[in-house]
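# Commentary on secondary and tertiary structure
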Amino acid sequence: MNKAIVTGASGLLGRAILKSFDADPGWEVVGLAKSRARDGLLCHDLLHADATEELLQRERPTVVIHAAAERKPDVCEGRPEFTQALNVTASSTLCEAAKAVDAWVLFISTDYVFDGTQPPYHPRDTPHPLNAYGESKLGGEEATLRVNPGNAALRVPILYGEVERLEESAVTEIACSLLDSTPVKMDHWAVRRPTLVDDVGSACLQLANHQVSSQSCRGIWHFSGDESMTKYDMALAMGRVIGLDSSHIEPDEQPPPGAPRPHDCSLDCAEFDARCSVVRSSFTSVIGDFLRPHLP
Ligand SMILES: NC(=O)c1ccc[n+]([C@@H]2O[C@H](COP(=O)([O-])OP(=O)(O)OC[C@H]3O[C@@H](n4cnc5c(N)ncnc54)[C@H](OP(=O)(O)O)[C@@H]3O)[C@@H](O)[C@H]2O)c1
């Protein structure tokens, strides 16, 4: 049986990756978490290099799906040293520890490695991040492939899925503005491809299965949903799906404040689709399932 370690398994994406591997009888899976280490997850702080080496020596996984990160652009901008330590240095340490036990690492990355001026982006297009988050994730990708060129990175865009609270994802958070009738402006400038975490979980599992069967998944991969929407478009779609008025939400055509954001980082997923087969979920068909448990 193959064994997977999933870092960040308590997070929005990690929970879905864990579920995908759990559902495949060919895999034993161990989930790592830091502050939310419950429901069978192991408590492990990736900032402790020695403990990471010991953990990999003890568990001896076949693959490591590395989803743990600081992923909030405004936090990354304000805490550059912490962001570098977690997103880059700890990723490098993890890859060294994985290499020592012959494990393959899939580093979860972001479309924010691009500047958003010339979409769609192919995996070999030159990255040019606009903010500290994108810089740090590019640094994590580079470390992953430098430590072992046989490793891989999977870039994904804005994610949504089952949340502990609406604010947990930048997509479901939009629904808070539907629940509050105060007039508000919503970003209608940045073009996104909202992607369901369960679909990314399937993408990770398929890449890992290809890797263990043929060692053929090295390098950069792109995966995303196939619907282009601004946050304003998502707000209107959510309002229709859950039956809430959205007339108090106004489109904002200006770039959002805070850390600089790219305009349109749509990813070219042709290479992924030639290798794997993941049917993309339709935003309007599934978003209601994740919002309804949080409605009053
Ligand atoms: N969310 C998005 O829209 C999005 C878009 C593109 C790419 N991504 C990428 O997808 C990956 C997963 O994102 P996400 O949204 O699932 O993030 P998330 O919900 O914020 O979860 C972050 C995870 O990292 C863990 N973590 C944080 N600090 C840690 C440390 N020092 N040691 C060990 N674990 C630590 C957290 O554990 P605890 O909570 O238990 O402390 C949590 O499980 C990230 O690499 C991110 O860059 C996310």
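Each chain has its residues counted from 1, following the order in which its sequence is written. This being a predicted model, a pLDDT of at least 70 is required before a residue's local features are given, and a value of 80 or more before pairs of side-chain atoms are given or counted; all residues contribute to the totals for chains, interfaces and linings. Computation of side-chain values covers all heavy atoms of the structure but excludes hydrogens and water.

## Points about the side chain of Q211
For clarity, the threshold we go by: Secondary structure elements follow DSSP: runs of H or I of four or more residues count as helices, runs of E of two or more count as strands, with numbering from the N terminus. Whenever two N or O atoms come within 3.5 Å, that pair is a polar contact, provided that in protein one can donate a hydrogen and the other can accept it, and provided that, for residues adjacent in sequence, both atoms are side-chain atoms. Every residue pair with non-hydrogen atoms within 4.5 Å of one another is taken to be in contact.
You can see Q211 is positioned in helix α7 (residues 197-214). From its side chain, Q211 meets the backbone nitrogen of S216 in a polar contact 3.5 Å long. Among all residues touching Q211, those that are not within four sequence positions of it are W104, S216, C217 and R218.

## Things to note about the packing of helix α2 (residues 49-59) against helix α4 (residues 80-100)
To be explicit about the condition: Between N-to-C directions, angles cover 0 to 180 degrees, with each direction set by a line fitted to C-alpha atoms, over the stretch in contact for helices. Each angle is binned into one of four classes, with values under 35 degrees roughly parallel, values over 145 roughly antiparallel, values of 65 to 115 roughly perpendicular, and all other values oblique. Handedness of a crossing is defined here by the sense of rotation of the near helix relative to the far one, left-handed for an anticlockwise turn of less than a right angle and right-handed for a clockwise turn. Throughout this entry, Asp, Glu, Lys and Arg are counted as charged residues, while Ala, Val, Leu, Ile, Met, Phe, Trp, Tyr, Cys and Pro are counted as nonpolar. The remaining residues, Gly among them, count as polar.
Taken N-terminus to C-terminus, the directions of α2 and α4 make an angle of 30°; their axes are 9 Å apart at the nearest point. If you check the angle between α2 and α4, you find them roughly parallel. Here α2 runs over α4; the crossing is right-handed. Only T93, L94, A97, A98 and A100 of α4 make contact with α2, whose side of the interface consists of A49, T52, E53, L56 and Q57. The residue makeup of the contact of α2 with α4, split by class, is 6 nonpolar, 3 polar and 1 charged.

## Here's the deal with the site of the ligand
Spelled out, the test is: It suffices for a single heavy atom of a residue to lie within 4 Å of a molecule or strand for the residue to be listed as near it. The protein chains shown are the only cover counted for residues, whose accessible areas, like all others here, come from Shrake-Rupley with a 1.4 Å probe.
The environment of the ligand is made up of 28 residues, and the closest members are S10, S35, R36, Y133 and K137. G11 has a polar backbone atom sitting 3.1 Å from an oxygen atom of the ligand. In the complex, the protein chains occlude 91% of the 910 Å² of accessible area that the ligand would expose alone. Of all the elements in the fold, those that place two or more residues in the shell around the ligand are α1 (12-22), β5 (104-110) and α5 (132-147). At 3 residues, the largest contribution of residues to the shell around the ligand is made by β5. When its residues are assigned to classes, the shell around the ligand shows 16 nonpolar, 7 polar and 5 charged.

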